[in-house]
Amino acid sequence: MALGACVAMGIFSLFIPYLYNYVKCKSFQISERDSITFEALKPISSTQSFCIALYDFLTPMQLSESAVYNSKQISTEMPDIVLLYIGEAYRADHSPLNGYKRNTMPSISNEKNIINLPNVHSRATQTLSSIYSILTLTSPETGKATHNSFLNILKKHNYKNYLLVGANTGGRWYLTPGIAQLFQNQILLHSRPKSPEEYKSAINSIVCEASPVFVLIEDGAGHQPYHSENYTFGVATEIDKYDNCLIDVDSRVFALINELRDKSAILFFTSDHGESFGEGGRYGHAGPISAREQTHVCSFIWYSDKYAEANPEIIKNLKINADVFVSHDYIYHTIISMSGIWSKIQIKNQDMTLAQ
């Protein structure tokens, strides 16, 4: 009986992050006119969203091993560091790189080595499924995951790897044990929303290591309830609060870039999904896949001068392919090539580093 109780308590403890977020959402109330309450979520309620996330967590996919395929180093000089930065709920049309009237990227929009990707779309409208579609190999025909993370291929070629989990996110809970356990090093960042100092410190500790290094950053800024210590756009509406969070993201990414300028480095930024603010009666996310504002995500690439000098063909082709309509699936194949590796598992027409 005691053993059964211990097992039950252990299982229940796994659900605590989801229960906490669920209770926090249900108890959160907003009084301003034109604001959004969690009770207004349509067409999927917060209860249904919780159940979907819980089901995905408890039923991890059985995937084939990606590293068994033939692969080789294709770059004469491997990059020092490759970063994949997954933002939270950052919809494409709230980026000034895509013409948004507010400058939610005051620093990034002034960077010369930015390749904007205006037509990237997520296969899902909630975090867990979106991250799986980014980190695992999916079939172009069915959209179903078939092979495990590209991280295994990078590790095969002596990449050290880090997982940095930012503020206001479920972090490794969203990655599930099947992916999170692949990371040799995990750093939990409890940064205050406006402060990039912890990000700078973490990257400084990483770049001191022998290269090459791969870093996955999962940042929760932009998730409901929108919280920021930055009040550039005021707090009258939920859109104001949300846009303030995007400036927080800008400051964090810019802090990372400043620490990588003298390295051979490349950073791929994409959001897991977007966010609704009344379109079709929808608010928040975890809505239908037809909700374009929830699937059309902010994405861009930054590269250092040293990386461009060593990989001119990659940068040239990334710029050529920048406007192509793509899904998150392309990131898998693109990251492998950006890391100076070729693998037989790659799908050529989903690799943005190749001329199509």
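Residues numbered from 1 in each chain as written. Predicted model: local features only at pLDDT ≥ 70, side-chain atom pairs only at ≥ 80, totals over all residues. Heavy atoms only, no water.

Student: Could you clarify how one ought to interpret the confidence of the model for the protein chain in this entry?
Tutor: Detailed reading of the predicted model is not advised wherever pLDDT is low. For the protein chain, the average pLDDT comes to 83, and 78% of its residues sit at 70 or higher. Note on residues 16-45: pLDDT under 50 across the span, and 55 contacts to partners over four residues away in sequence or across chains. (pLDDT = per-residue confidence, 0-100. Contact = heavy atoms within 4.5 Å.)

Student: Explanation requested: unusual backbone geometry in the structure shown.
Tutor: With the exception of glycine, the majority of residues adopt a negative phi angle, and the majority of peptide bonds are in the trans configuration. Of note, the bond from Ser211 into Pro212 is cis; its omega dihedral lies within 30 degrees of zero at 5°. By the element assignment, Pro212 lies in the loop between helix 7 (197-207) and strand 9 (213-218). Put simply, Gln224 and Pro225 share a cis peptide bond, and its omega is -15°. Turning to its location among the elements, Pro225 is positioned in the loop between strand 9 and helix 8 (238-260). You will see that Asn158, though not glycine, has its phi angle at about 70°, which is positive. (Helix = DSSP H or I, 4+ residues; strand = E, 2+ residues; numbered from the N terminus.)

Student: Just checking my understanding: could you explain the pairing of strand 10 (residues 265-271) for this structure?
Tutor: If a strand is regular, its side chains alternate between the two faces of the sheet. A large share of strand 10 lies buried, amounting to seven of its seven residues. On strand 10, burial covers both faces: Ala265, Leu267, Phe269 and Ser271 on one face and Ile266, Phe268 and Thr270 on the other are all buried. As paired elements, strand 2 (residues 81-87) and strand 10 share seven bridges and run parallel to each other. When the bridges of strand 10 are listed, Gly87 appears paired with Ser271. Across five bridges, strand 10 lies against strand 14 (residues 299-303) in antiparallel orientation. Paired with Thr270 across the bridge in strand 14 is Ser299. (Buried < 20%, exposed > 50% of the residue type's maximum accessible area, 1.4 Å probe, protein only. Pairing = 2+ DSSP bridges.)

Student: What is the right way to read the sheet that holds strand 8 (residues 185-188) from this model?
Tutor: Two orientations exist for strands paired in a sheet by backbone hydrogen bonds: parallel and antiparallel. With mixed pairing, seven strands are arranged side by side in an open sheet as 3-14-10-2-9-7-8. Each end of this open sheet is capped by a strand with a single partner; those strands are strand 3 (114-116) and strand 8. Between one strand and the next, the sheet's axes are offset by a mean angle of 15°, whatever the strand orientation. Helix 4 (residues 127-135) rests against strand 2, strand 9 and strand 10 of the sheet, and its axis sits at about 155° to strand 2. (Axes fitted to C-alpha atoms, helices over the stretch in contact; angles between N-to-C directions.)

Student: What is the right way to look at the environment of Val249 in this model?
Tutor: Its location among the elements puts Val249 in helix 8. Spatially, the C-alpha atom of Val249 lies 8.1 Å from that of Asp219, the residues being 30 residues apart in sequence. In this view, Val249 contacts Asp219, Ala221 and Phe269; residues no more than four positions away in its chain are not counted.

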